[in-house]
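Spelled out, the chains give:
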Amino acid sequence: MILNKVSLTKFFENTYFKKETPISLIHFLTNRCNARCSFCFIDFDNPDTFKNELSLDEIEKMTQNMGDTLLNVNFTGGEPFARKDIIEVAKCYIRNTTIQSIYITTNGSLPDRVIEYAKEIERFNNKIEQSFQISIDDFPEKHDSVRKIKNLFENCIKTYEGLLKLNSKKISVSVSITVSLENCHNIKNIFNYLVHKCNIKSLKCCLVRDEGIYKTPPEDKKKLLNAYTWLTDEIKKLKKEKKINNYNNSIQGKIHNKKDDISWEMIKNIYENDKYISPCHASSLFGVINADGKVYPCEILEDKLIGNLRENDMNFLEVWKSKKNKETKDFILNTKCKCTYECAISFNILGNWRYQHKLVAGIFNF
């Protein structure tokens, strides 16, 4: 089923007309991480980075007032599995909200924690879709070196294979390649190694973006774009040949599959031409909760704080429906805000009428 706990009428009314409450949120569970990737946007040299994480009690209270259209939450970090109570955090969302899926981006360094989490969440509620995205960017030795964790590549593969062995229709796992200056020159060989040597059957990618402390030298953008273009084209080709399968064969899976194809083309266009394509729905259908309880429209607009949950008694909707967020929505619309942030673009596509015919065509593989 596409919708379980959310009214279909309310979902369509909110997604395509009112756009008042989020359908998806990213929650940075922690800024703590055992990796130190060169392209990370987190300032690990600042001691304040690791302070003031929301407690489990605060998350319990927050999730009790998140609206009746929320379908998905993305857990990220830092490394989300560095937070030992991640299972209890997930249970807060499952108990108290209308989510039907949880998406987790992980560096794959803690396979035992990941597998135990997946098992426990399925025991707790076997209707929740669990999606795991494991970051692998290079050959084993180079990947470990860039992310600065010994035996990381090996643990990524253990995590990937361990999740597959659970053999659950509600648990999916993919590998994601971040195209960066470290790997763009060798992207073809890396891709072939992952697909043919490591037998990765679900593969996605993203383009490193300017955010936080990371900035791409302008002279390097062309080679990054060339690598990203080749990679997305190759993934699309192998999807058609059924050698890569990023989603199940449900209606929802087919829609997401088509959404990825549209997103990749949009990202290339924006990145190369700095071109505005369609309205962004960050701060309306999509938003970000930082580890310390601050709410933002997205990861990019760091100067557009919507509100602080702790200053509003952990009442998420009070922050989301505030005058400040109305001003943020107006800013995004009036300035034709644009970026290559995949999560935001996904909801620009899903919430925009101009793409609906393509998404519907995807159901029939057109």
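Check the entry above for the structure.
Below or above, wherever it landed, is the structure these notes cover.

Cut-offs used in this document
Residues numbered from 1 in each chain as written. Predicted model: local features only at pLDDT ≥ 70, side-chain atom pairs only at ≥ 80, totals over all residues. Heavy atoms only, no water. Axes fitted to C-alpha atoms, helices over the stretch in contact; angles between N-to-C directions. Helix = DSSP H or I, 4+ residues; strand = E, 2+ residues; numbered from the N terminus. Left-handed = near helix turned anticlockwise from the far one by under 90°. Contact = heavy atoms within 4.5 Å. Nonpolar A, V, L, I, M, F, W, Y, C, P; charged D, E, K, R; others polar. Core = buried A, V, L, I, M, F, W, Y, C linked by side-chain atoms within 4.5 Å. Buried < 20%, exposed > 50% of the residue type's maximum accessible area, 1.4 Å probe, protein only. Pairing = 2+ DSSP bridges. Parallel < 35°, antiparallel > 145°, perpendicular 65-115°, else oblique. Salt bridge = Lys/Arg side-chain N within 4 Å of Asp/Glu carboxyl O. Polar contact = N/O pair within 3.5 Å; in protein donor to acceptor, adjacent residues only side chain to side chain. Right-handed = clockwise from strand over helix to strand, strands pointing away. Disulfide = S-S within 2.5 Å.

### Comments concerning the packing of helix α9 (residues 251–273) against helix α12 (residues 342–350)
Here comes step 1: Where α9 meets α12, the closest approach of the two axes is 9 Å, and the angle between their N-to-C directions is 115°. As α9 runs across α12, the sense of the crossing is right-handed. Note on element contacts: α12 touches α9 through Glu 342, Ile 345, Ser 346, Ile 349 and Leu 350, opposite Ile 255, Lys 259, Ile 262, Ser 263, Met 266, Ile 267 and Ile 270.
Here comes step 2: Of the residues in the contact of α9 with α12, the class split is 8 nonpolar, 2 polar and 2 charged.

### What about the nonpolar core?
Here comes step 1: Counting 101 residues, the largest nonpolar core has Phe 75 and Tyr 117 as the members making the most contacts within it.
Here comes step 2: Once residues lying within four places of it in the same chain are set aside, the contact partners of Tyr 117 are Phe 75, Phe 81, Ile 86, Ile 87, Ala 90, Ile 102, Ile 104, Gln 130 and Phe 132.

### Comments concerning the sheet that holds strand β6 (residues 203–207)
Two pairing modes exist for strands in a sheet, parallel and antiparallel, and in both the strands are linked by backbone hydrogen bonds.
Here comes step 1: With mixed pairing, 9 strands are arranged side by side in an open sheet as β6-β5-β4-β3-β2-β1-β7-β8-β9. Only two strands of the sheet have a single partner each, and these edge strands are β6 and β9 (307–308).
Here comes step 2: Here helix α7 (residues 187–197) sits on the sheet and contacts β5 (171–179) and β6; the angle it forms with β5, its principal contact strand, is near 160°.

### With respect to the packing of helix α4 (residues 111–124) against helix α6 (residues 152–165)
Here comes step 1: The geometry of α4 relative to α6 is characterised by a closest axis approach of 9 Å and an angle of 20° between their N-to-C directions. One way to sum up the angle between α4 and α6 is to call them roughly parallel. Handedness of the α4/α6 crossing: right-handed. The segment α4 lies against α6, with Pro 111, Val 114, Ile 115 and Ala 118 engaging Asn 155, Lys 158, Thr 159, Gly 162 and Leu 163.

### Points about helix α13 (residues 356–363)
Here comes step 1: All of the buried residues along α13 are Gln 356, Leu 359, Ala 361, Gly 362 and Ile 363.
Here comes step 2: In this fold, the buried residues of α13 make contact with α1 (8–18), α9 and α12.
Here comes step 3: Directly after α13, the chain includes Asn 365, whose backbone phi takes a positive value near 60°.

### Here we look at the pattern of salt bridges
Here comes step 1: One pass over the structure, following the stated rule, counts 26 salt bridges.
Here comes step 2: The salt bridge partner of Lys 10 is Asp 68, with a shortest N-O separation of 2.9 Å. Taken together, the residues Lys 10 in helix α1 and Asp 68 in the loop between α2 (56–62) and β2 (72–76) connect sequence positions 58 residues apart.
Here comes step 3: Looking at Lys 10, the relative accessible area reads 35%, which means it is partly exposed.
Here comes step 4: For Lys 237, the salt bridge identified is with Glu 234, shortest N-O distance 3.3 Å.

### Quick notes on the side chain of Gln 130
Here comes step 1: Looking at the secondary structure, you find Gln 130 in strand β4 (residues 129–135).
Here comes step 2: At 3.1 Å, the side chain of Gln 130 forms a polar contact with the backbone oxygen of Ala 118.
Here comes step 3: With near-sequence residues (within four places) excluded, Gln 130 lies in contact with Ile 102, Tyr 117, Ala 118, Ile 121, Glu 122, Lys 170, Ile 171 and Ser 172.

### Remarks on unusual backbone geometry
Here comes step 1: One non-glycine residue, Lys 19, lies in the positive phi region at around 50°.
Here comes step 2: With respect to the secondary-structure elements, Lys 19 resides in the loop between α1 and β1 (24–28).
Here comes step 3: Notably, Asp 313 is not glycine yet its phi reads approximately 55°, a positive angle.
Here comes step 4: With respect to the element layout, Asp 313 can be found in the loop between β9 and α10 (316–320).

### So, the pairing of strand β3 (residues 101–106)
Here comes step 1: Judged by how many residues are buried, β3 sits mostly within the fold: 5 of 6 residues are covered.
Here comes step 2: As defined by bridge partners, β2 adjoins β3 across 4 bridges and the pair is classed as parallel. Within β3, the position partnered with Val 73 by the bridge is Ile 102.
Here comes step 3: A crossover links β2 with its parallel partner β3, the connecting element being helix α3 (residues 86–96), and its sense is right-handed.
Here comes step 4: Where β3 lies against β4, 6 bridges are found, and the strand directions are parallel. Pairing of Ile 104 across the sheet is with Phe 132, part of β4.
Here comes step 5: The β-α-β motif built from β3, the intervening α4 and the parallel element β4 has right-handed crossover chirality.

### Focus: the state of the cysteines
Covalent bonding between the sulfur atoms of two cysteines is what defines a disulfide.
Here comes step 1: Counting across every chain of the model gives 0 disulfides.
Here comes step 2: No disulfide involves Cys 206; its nearest neighbouring cysteine sulfur is the one of Cys 205, lying 7.1 Å away.
Here comes step 3: Residue Cys 206 is classed as buried on the basis of its relative accessible area, which comes to 19%.

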